Amino acid sequence: MLEFNSTAFTNPSTFILMGIPGLEDMHVWISIPFCSMYVVALMGNIVILFIIKTETALHEPMFYFLSMLAITDLILSTSTLPKMLGVFWFNYREINFHACLTQMFFIHAFSGVESGLLVAMALDRYVAICNPLRHSSILTNSVVAQVGIVALLRGLVLMTPHPFLVRRWPYCRTNIVPHTYCEHMAVVKLACADISINSLYSLAVIVLIVGTDVACISLSYVQILRTVFNLPSKDARLKTLSTCGSHVCVILTFYVPALFSFLTHRFSQHIPRHTHVLLANMYLLVPPMLNPIIYGVRTKQIRERMKKVLCMWCTVWPVEMGSFPGVTRKAFWRICAWMMRCSGIVNKAAMNICVQGSVRT
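Residues numbered from 1 in each chain as written. Predicted model: local features only at pLDDT ≥ 70, side-chain atom pairs only at ≥ 80, totals over all residues. Heavy atoms only, no water.

Asks: Tell me about the overall build of the protein chain, and name the residues and values.
Replies: Secondary structure summary: the protein chain contains 14 helices and three strands in total. Across the 361 residues in the protein chain, those meeting the buried criterion constitute 48%. When contacts within the protein chain are restricted to residue pairs at least 6 apart in sequence, long-range pairs at least 24 apart make up 76% of them. (Helix = DSSP H or I, 4+ residues; strand = E, 2+ residues; numbered from the N terminus. Buried < 20%, exposed > 50% of the residue type's maximum accessible area, 1.4 Å probe, protein only. Contact = heavy atoms within 4.5 Å.)

Asks: Break down the nonpolar core for me, with residues and values.
Replies: The biggest cluster of nonpolar side chains holds 82 residues, and the ones touching the most others in it are F15, L66, Y171 and V187. It is helix α3 (residues 97-130) that contributes the most residues to this core, 17 residues altogether. Once residues within four sequence positions are removed from consideration, L66 is found in contact with I48, I52, M121, Y295 and I302. (Core = buried A, V, L, I, M, F, W, Y, C linked by side-chain atoms within 4.5 Å.)

Asks: Which residues make up the packing of aromatic side chains, and what values go with them?
Replies: In the structure shown here, the tally under the stated rule is nine aromatic pairs. For the pair W89 and F90, a centre-to-centre distance of 6.3 Å together with 85 degrees between the ring planes defines the contact as edge-to-face. Ring centres of F97 and Y171 lie 6.2 Å apart, and the angle between their planes is 65 degrees; this geometry places the pair in the edge-to-face category. Taken together, the positions of F97 in helix α3 and Y171 in the loop between α6 (161-167) and β3 (176-177) put the pair 74 residues apart, joining distant regions of the chain. There is no split in this pair, since F97 and Y171 are both buried. Of note, R168 hangs over the ring of W169, and the distance from its end group to the ring centre comes to 4.6 Å. (Phe/Tyr/Trp six-rings, centres within 6.5 Å; stacked < 30°, edge-to-face > 60°. Lys NZ or Arg CZ within 6 Å of the ring centre and 35° of its normal.)

Asks: An account of empty space enclosed by the protein is requested, with residue identities and associated values reported.
Replies: The final tally for this structure, using the stated rule, is one cavity of 30 Å³ or more. If you go around the largest cavity, the residues you meet are M62, M121, R125, T243, S246, H247 and Y295. Taken together, the elements giving at least two residues each to the lining of the largest cavity come down to α3 and α10 (245-267). (1 Å grid on protein atoms, 1.4 Å probe; cavity = no way out; pocket = protein on both sides within 12 Å on 5 of 7 lines; lining within 4 Å. Points joined across faces, edges and corners; volume = space filled by probe spheres on them.)

Asks: Describe the pairing of strand β1 (residues 14-17), and please don't skip the residues or the numbers.
Replies: Note: β1 against strand β2 (residues 94-96), three bridges, orientation antiparallel. Each bridged residue has a counterpart across the sheet, and for I16 the counterpart in β2 is E94. As defined by bridge partners, β1 adjoins β3 across two bridges and the pair is classed as parallel. By the bridge assignment, I16 is partnered in β3 with I176. (Pairing = 2+ DSSP bridges.)

Asks: Residues and numbers for the packing of helix α2 (residues 61-90) against helix α11 (residues 273-298), please.
Replies: One can describe the packing of α2 onto α11 by two numbers: an axis separation of 9 Å at closest approach and a directional angle of 140 degrees. The orientation of α2 relative to α11 falls into the category oblique. Read as a crossing pair, α2 and α11 show a hand that is left-handed. Packed against α2, whose contacting residues are L66, L69, D73, L76, S77, T80, L81 and M84, the element α11 presents N281, L284, L285, P287, P288, N291 and Y295 at the interface. For the contact of α2 with α11, the per-class residue count stands at 10 nonpolar, four polar and one charged. (Axes fitted to C-alpha atoms, helices over the stretch in contact; angles between N-to-C directions. Parallel < 35°, antiparallel > 145°, perpendicular 65-115°, else oblique. Left-handed = near helix turned anticlockwise from the far one by under 90°. Nonpolar A, V, L, I, M, F, W, Y, C, P; charged D, E, K, R; others polar.)

Asks: Describe in detail α11, supporting the description with residues and values.
Replies: For α11, spanning 26 residues, the distance from its first C-alpha to its last is 37 Å, which sits close to the expected 38 Å at 1.5 Å a residue. At M282, α11 shows its maximal bend, which comes to roughly 30 degrees. (Expected span 1.5 Å × (residues − 1). Bend = angle between axes of the 7 residues up to and from the residue.)

Asks: Tell me about α3, and please be specific about residues and values.
Replies: With 34 residues, α3 ought to run about 50 Å at 1.5 Å a step, and its terminal C-alpha atoms sit 50 Å apart, in line with that. Of the residues that open α3, the one with a side-chain oxygen 2.9 Å from the backbone nitrogen of H98 is N96. (Polar contact = N/O pair within 3.5 Å; in protein donor to acceptor, adjacent residues only side chain to side chain.)

Asks: Explain unusual backbone geometry residue by residue, including any values.
Replies: Phi is positive for N91, which is not a glycine, with a value near 55 degrees. With respect to the helices and strands, the residue N91 is situated in the loop between α2 and β2. The exposure class assigned to N91 is partly exposed, which follows from its relative accessible area of 24%.

Listed below in structure tokens is the structure:
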């Protein structure tokens, strides 16, 4: 067990991550849902990337932006979860000072990148609904790439000062960070100096990114709603709005936890510290986990491709690779059918085609 100390020092070589303050005895139990969410985020986003890459019908602006979002989610979750699980499972709390700054930069920079990609996806929906005949000519592959690069550069440039500002302060109080990862304000508060410049810059960047992006998304959807309500039939209106459902769900899963975590951290002094930390973790874990599920369930093209992949995997694996130890082929096929039925991504007829192998076995 590491002994936490508060001896005087100016430039710490390492920080010590406390984990979730006040819930140290429950770290192992808390790690179970966290690890599960990380596995789902990894598998879901990798599958989304694989499907978009291999299915030529999905080589469209919306799915290019979705693949960028999946890569960003993989970076966000992988920047925090491995180290967090090391704290929970192995009590490995030390993190190198420069590694801490690197983690801080990646977390905040790619959070900004994700917000920018949500704006890009709103732009795609706006053009697809309000100017459908010009969609392919406006959002060409080069324009999509440029929009993605702008979102990336904006996040990187705006967050680059953070690690440099953190590095310049002396740390003479303690090197214990009351968090599961190197969150910017949690680290800066350890400095024995006036950190108002950090607080002001951080607040300005958040207001700039979130304020600008939410305003752009809102304007896009105002125009979309105006166009939709001018459509002649109710069915046409519902069908058009359904194309925006996945994007709206992803927006809510990203901004609601982020804003709630930010507001409680800044303006509420009566909420327990472990609640702040848990909210900050949810902000980084929930969107990467839910985004591929939302698009996988609600997007027909991805759902159909997923059906093909699952059918192929469930049919080929037991034949080519052998079944799992102690599981017969018949049982394996029935497990596959149950998984597809529970996921809701295939209809009963398609499921029966996949499960026919269990009857022939």
